[in-house]
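Okay, here's what each chain looks like letter by letter:
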Amino acid sequence: MVDRSPCDDADGWTALHADALAVLTGWTPTSPDAAVARDRTLGLLNAGPIAMSRAHRAGHVTASALVFDATGSQVLLCLHGKFHKWVQLGGHCEPADRTLAGAALREATEESGIAGLRIDPLPIDVDVHPVACQGGSLHHDVRFAVFAPVGATERVSVESEALGWFPPERLPQPLAGGTARLVTPGLAAFRRASPHPVS
């Protein structure tokens, strides 16, 4: 991930902002908590394209992904290097990102080292939580389900201490807040994308 100013590519932030508005306005939340977070994020987006950049101290939109293996029986989590908790893959948007789903897919690919990932373009969750960015800010994290190809092999990135595959019903500890609630809507997205079991 490269730190870049929102002025580096104004058109990029503008396109991503427009996509975020369209996606979240048309999205049916998957839980009451996600509904509250969606509404807070739409309020944040009233600030304009700057709300997509980490330079926006009041908060910024991020994108993350719960990665499923080809059978839907395991999810890939990373042991975050800074927080020392297991969490789904994801991070900050970049000016070159044109869609939230594209940002989540890029982050999942970078952090897993897995080529050929596929993403469901509908979010499975939205979560707002405090972070240390800019001396204290909020991440408005839009979460997606991502699907790995058969035989996928992960590779640890510089941002992770470890990567691991876990059954959705037995997630590791310590687990980051909000990660567990991705399982049910993520599995629903997996079933939509893969209606026939993979053998």
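On a predicted model such as this, the values are computed, not experimentally measured, just so you know.

Please clarify how the overall build of the protein should be interpreted in this entry.
A count of helices and strands for the protein gives four helices and eight strands. In the protein, the order of α-helices and β-strands from amino to carboxyl end is α-α-β-β-β-β-α-β-β-β-β-α. Its C-alpha atoms give the protein a radius of gyration of 16 Å, within 12% of the compact-globule value 16 Å for 199 residues. Taken along the three principal axes of its C-alpha coordinates, the protein extends 45 × 35 × 30 Å. Across the protein, contacts joining residues at least 24 apart in sequence account for 71% of those joining residues at least 6 apart. Split by element, the accessible area of the protein, about 9,000 Å² in all, is 58% carbon and sulfur. A distance of 3 Å separates the average location of the 16 positive side-chain charges in the protein from that of its 21 negative side-chain charges.

Explanation requested: the packing of aromatic side chains in the structure shown.
How two aromatic rings sit relative to each other is set out by the distance from centre to centre and by the angle between their planes. Under the defined criterion, the tally for this structure stands at three aromatic pairs. The interplanar angle of 35° and the centroid separation of 6.0 Å between the aromatic rings of Phe68 and Phe190 together place this pair among those described as tilted. With a gap of 122 residues between them, Phe68 in strand S1 (residues 60–68) and Phe190 in helix H4 (residues 183–193) connect regions that are remote in the sequence. Here Phe68 matches Phe190 in class, with each residue buried. Arranged with centres 5.8 Å apart and planes meeting at 70°, the rings of Phe147 and Phe190 form a pair that is edge-to-face.

Got a minute to help me understand the pairing of S1 in this structure?
A regular strand carries its side chains on alternate faces of the sheet. The buried fraction of S1 amounts to nine of the nine residues, a majority that puts the element mostly inside the structure. Of the two faces of S1, both are covered, the one formed by His60, Thr62, Ser64, Leu66 and Phe68 as well as the one formed by Val61, Ala63, Ala65 and Val67. Looking at chain direction, S1 and strand S7 (residues 137–147) are connected through nine bridges and run parallel. Residue pairing across strands places His60 opposite His139, the latter belonging to S7.

When you look at the nonpolar core in this model, what are you seeing that I'm missing?
Most often, soluble globular proteins keep nonpolar side chains buried together rather than apart. In this structure, Leu45, Met52, Val61, Cys93, Leu100 and Val142 are the most contacted members of the largest nonpolar core, which totals 23 residues. For this core, the secondary structure elements donating two or more residues are helix H1 (10–25), helix H2 (32–45), S1, helix H3 (100–112), strand S6 (125–131) and S7. Sorting elements by how many residues they give to this core places H2 first, with five residues. Formed by 16 residues, the second largest nonpolar core is a distinct cluster that contains Leu77, Leu79, Phe147 and Leu171.

Can you walk me through H4 in this structure?
Owing to its 3.6 residues per turn, the α-helix brings residues three or four apart onto one side. Here H4 has its buried residues at Val183, Pro185, Gly186, Ala189 and Phe190. The buried residues of H4 occupy one face: seen down the axis, they fall within an arc of 165°. Opposite the packed face of H4, turned more than 90 degrees from it, sit the exposed residues Thr184, Arg191 and Arg192. The secondary structure elements touched by the buried residues of H4 are S1 and S7.

So what exactly am I meant to see when it comes to the confidence of the model for the protein here?
As a general rule, the predicted coordinates of low-pLDDT regions are not to be interpreted in detail. Summarising the model, the protein shows a mean pLDDT of 91, and 92% of its residues fall at 70 or more. Confidence drops under a pLDDT of 50 for residues 1–9, and excluding neighbours within four residues, the segment shows 18 contacts in the predicted structure.

Mind showing me how you'd approach the side chain of Asp141 here?
Among the structural elements, Asp141 can be located in strand S7. For Asp141, a relative accessible area of 5% puts it in the buried group. Separated by 2.6 Å, the side chains of Asp141 and Arg143 make a polar contact. With residues near it in sequence (within four places) discarded, Asp141 still touches Thr62, Ala63, Ser64, Gln88, Asp125, Val126, Asp127 and His129.

Could you clarify how one ought to interpret the pattern of salt bridges in this entry?
For side chains of opposite charge, pairing can occur when their charged atoms come near one another. If you walk through the whole model with that rule in mind, you get 13 salt bridges. A salt bridge links Arg143 to Asp141, with the shortest nitrogen-to-oxygen separation between them at 2.6 Å. Judged by its relative accessible area of 3%, Arg143 falls in the buried class. Salt bridges linked by common partners bring Asp33, Asp125, Asp127, Asp141, Arg143 and Arg181 together as one network.

Scoring rules and cut-offs
- Residues numbered from 1 in each chain as written.
- Predicted model: local features only at pLDDT ≥ 70, side-chain atom pairs only at ≥ 80, totals over all residues.
- Heavy atoms only, no water.
- Helix = DSSP H or I, 4+ residues; strand = E, 2+ residues; numbered from the N terminus.
- Rg over C-alpha atoms; globule rule 2.2 N^0.38 Å.
- Contact = heavy atoms within 4.5 Å.
- Areas by Shrake-Rupley, 256 points an atom, 1.4 Å probe, with all protein chains shown as cover.
- Lys, Arg positive; Asp, Glu negative; His and termini not counted.
- Charge placed at Lys NZ, Arg CZ, Asp CG, Glu CD.
- Phe/Tyr/Trp six-rings, centres within 6.5 Å; stacked < 30°, edge-to-face > 60°.
- Buried < 20%, exposed > 50% of the residue type's maximum accessible area, 1.4 Å probe, protein only.
- Pairing = 2+ DSSP bridges.
- Core = buried A, V, L, I, M, F, W, Y, C linked by side-chain atoms within 4.5 Å.
- Arc of directions from axis to C-beta.
- pLDDT = per-residue confidence, 0-100.
- Polar contact = N/O pair within 3.5 Å; in protein donor to acceptor, adjacent residues only side chain to side chain.
- Salt bridge = Lys/Arg side-chain N within 4 Å of Asp/Glu carboxyl O.

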